[in-house]
Amino acid sequence: MSGAATCGVCPRHCRLAPGALGACRARRNVGGTVVPEAYGHVTSLALDPVEKKPLARFRPGSYLLSVGGYGCNLACPFCQNYQISQAGEKDVRWRELSPEGLVAIAEEARARDPRVIGIAHTYNEPLVTWEYVADTARLARERGLVTVLVSNGCVELGVIDELAPLLDAANVDLKGFSPAFYEACGGAAGSLDAVRGTIGRLAAEPGCHLEVTTLVVPGMNDSEEEIDQIAAWLAGLDDKIVYHVTRYFPRWRMTDVPATPVATVRHLADVARRHLPHVHLGNC
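Residues numbered from 1 in each chain as written. Predicted model: local features only at pLDDT ≥ 70, side-chain atom pairs only at ≥ 80, totals over all residues. Heavy atoms only, no water.

So, on to the overall build of the protein. Each helix and strand in the protein was counted, giving eight helices and 14 strands. Taken over the C-alpha trace, the protein has a radius of gyration of 18 Å; the compact-globule value for 284 residues is 19 Å, and the two agree within 12%. Principal-axis analysis of the C-alpha atoms gives the protein an extent of 50 × 50 × 35 Å. Counting only residues that meet the buried cut, the protein has 53% of its 284 residues in that class. Residue pairs at least 24 apart in sequence account for 69% of intrachain contacts in the protein once pairs closer than 6 positions are excluded. Counting only carbon and sulfur atoms, one obtains 51% of the accessible surface of the protein, whose full area is about 11,800 Å². The protein carries 28 positive and 32 negative side-chain charges, and their two centres are separated by 4 Å. (Helix = DSSP H or I, 4+ residues; strand = E, 2+ residues; numbered from the N terminus. Rg over C-alpha atoms; globule rule 2.2 N^0.38 Å. Buried < 20%, exposed > 50% of the residue type's maximum accessible area, 1.4 Å probe, protein only. Contact = heavy atoms within 4.5 Å. Areas by Shrake-Rupley, 256 points an atom, 1.4 Å probe, with all protein chains shown as cover. Lys, Arg positive; Asp, Glu negative; His and termini not counted. Charge placed at Lys NZ, Arg CZ, Asp CG, Glu CD.)

The structure is reproduced here in structure tokens:
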């Protein structure tokens, strides 16, 4: 196909005709090069407690300027932020905000409240426009602000190699521990391996504090065996990794599946504690 280009950001490797958008709805083939069309297109901006990311053991009591755009390279049927993660630029209201502009807003927030320590890239999937994360992180570090990434981690290792030294903390969503689970979440072949690679790379980055979250969805990943496997694998990387076992609530395409029983989440947290000392409950 003349002028076609392949996106190398995630395992999907979208082959795009001239002018076509990738499955993430954030990257487009422009003149034979795949570019982050959604770069700096901000849909959401808010001050959040660091614990909301969730980060349980990174600068407790502080606040982050949280920023999100639109688009995602997965399509989890239980997505909590589907209004933006599953949207493109024509589906949502957004405004252009340069890295300089975003850092300036964070500095203004810090001047008003010294508990504000930096910027969190979150809400949709930040890695579909990873270049924006990187450019903002470089400026933020110059101004004494931290950078936090909240991500599904489904990205090629080269991207994480670029980003890891720029991150102060990250929370990666490890959705399940089988290729079938990622297929149910709209992932391409190799998605689980990519997420594992991301977690492993961030765990090895000396300057990046890492926490991992699994949303426990009834009938999908709520078995003792699955959580035990996840926790054992994380402990093999670093037994100091903080692990969040979080309660699912009905959303988007799974409104007919009831919320995870609290007792189930508590029990699975105890299962994870067989391997990891820092296990936290979420949404309970």
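So, next bit.
Glancing now at the nonpolar core. Ranked by internal contacts, the top residues of the largest apolar core, which has 59 residues, are Phe 78, Leu 174, Ile 199, Leu 202, Leu 234 and Tyr 243. Counting 12 residues, the second largest nonpolar core, distinct from the first, contains Val 103, Ile 119, Tyr 132 and Leu 139. (Core = buried A, V, L, I, M, F, W, Y, C linked by side-chain atoms within 4.5 Å.)

Moving on, we get to the pattern of salt bridges. Per the counting criterion, the structure on display carries 16 salt bridges. Residue Glu 107 is joined to Arg 143 by a salt bridge in which the shortest nitrogen-to-oxygen separation is 3.1 Å. Of this pair, Glu 107 sits in helix H2 (residues 99–112) while Arg 143 sits in the loop between helix H3 (130–142) and strand E10 (146–151), and the two are 36 residues apart along the sequence. Given the relative accessible area of 36%, Arg 143 is considered partly exposed. Among the ionic pairs, Arg 115 bridges to Asp 113, the shortest N-O distance being 2.9 Å. According to the relative accessible area criterion, Asp 113 is partly exposed, its value standing at 21%. Among the ionic contacts, a cluster of salt bridges with common partners joins Asp 48, Lys 52 and Lys 53. (Salt bridge = Lys/Arg side-chain N within 4 Å of Asp/Glu carboxyl O.)

Helix length check: H3, at 13 residues, gives a terminal C-alpha distance of 19 Å against a target of 18 Å (1.5 Å per residue), a fit within 8%. Those residues of H3 not exposed but buried are Trp 130, Glu 131, Tyr 132, Val 133, Ala 134, Thr 136, Ala 137, Leu 139 and Ala 140. Where H3 is buried, its residues contact strand E5 (41–42), H2, strand E9 (116–121), E10 and helix H4 (157–163). Downstream of H3 by a residue or two, Gly 144 has a phi angle that is positive, lying close to 75 degrees. (Expected span 1.5 Å × (residues − 1).)

Their axes nearest at 9 Å, the elements H2 and H3 cross at an angle of 50 degrees. In terms of axis orientation, H2 runs oblique to H3. Considering only the axes of H2 and H3, their crossing is right-handed. Together, Pro 99, Glu 100, Leu 102 and Val 103 of H2 and Tyr 132, Asp 135, Thr 136, Leu 139 and Ala 140 of H3 make up the contact between the two elements. The class makeup of the residues in the contact of H2 with H3 is six nonpolar, one polar and two charged. (Axes fitted to C-alpha atoms, helices over the stretch in contact; angles between N-to-C directions. Parallel < 35°, antiparallel > 145°, perpendicular 65-115°, else oblique. Left-handed = near helix turned anticlockwise from the far one by under 90°. Nonpolar A, V, L, I, M, F, W, Y, C, P; charged D, E, K, R; others polar.)

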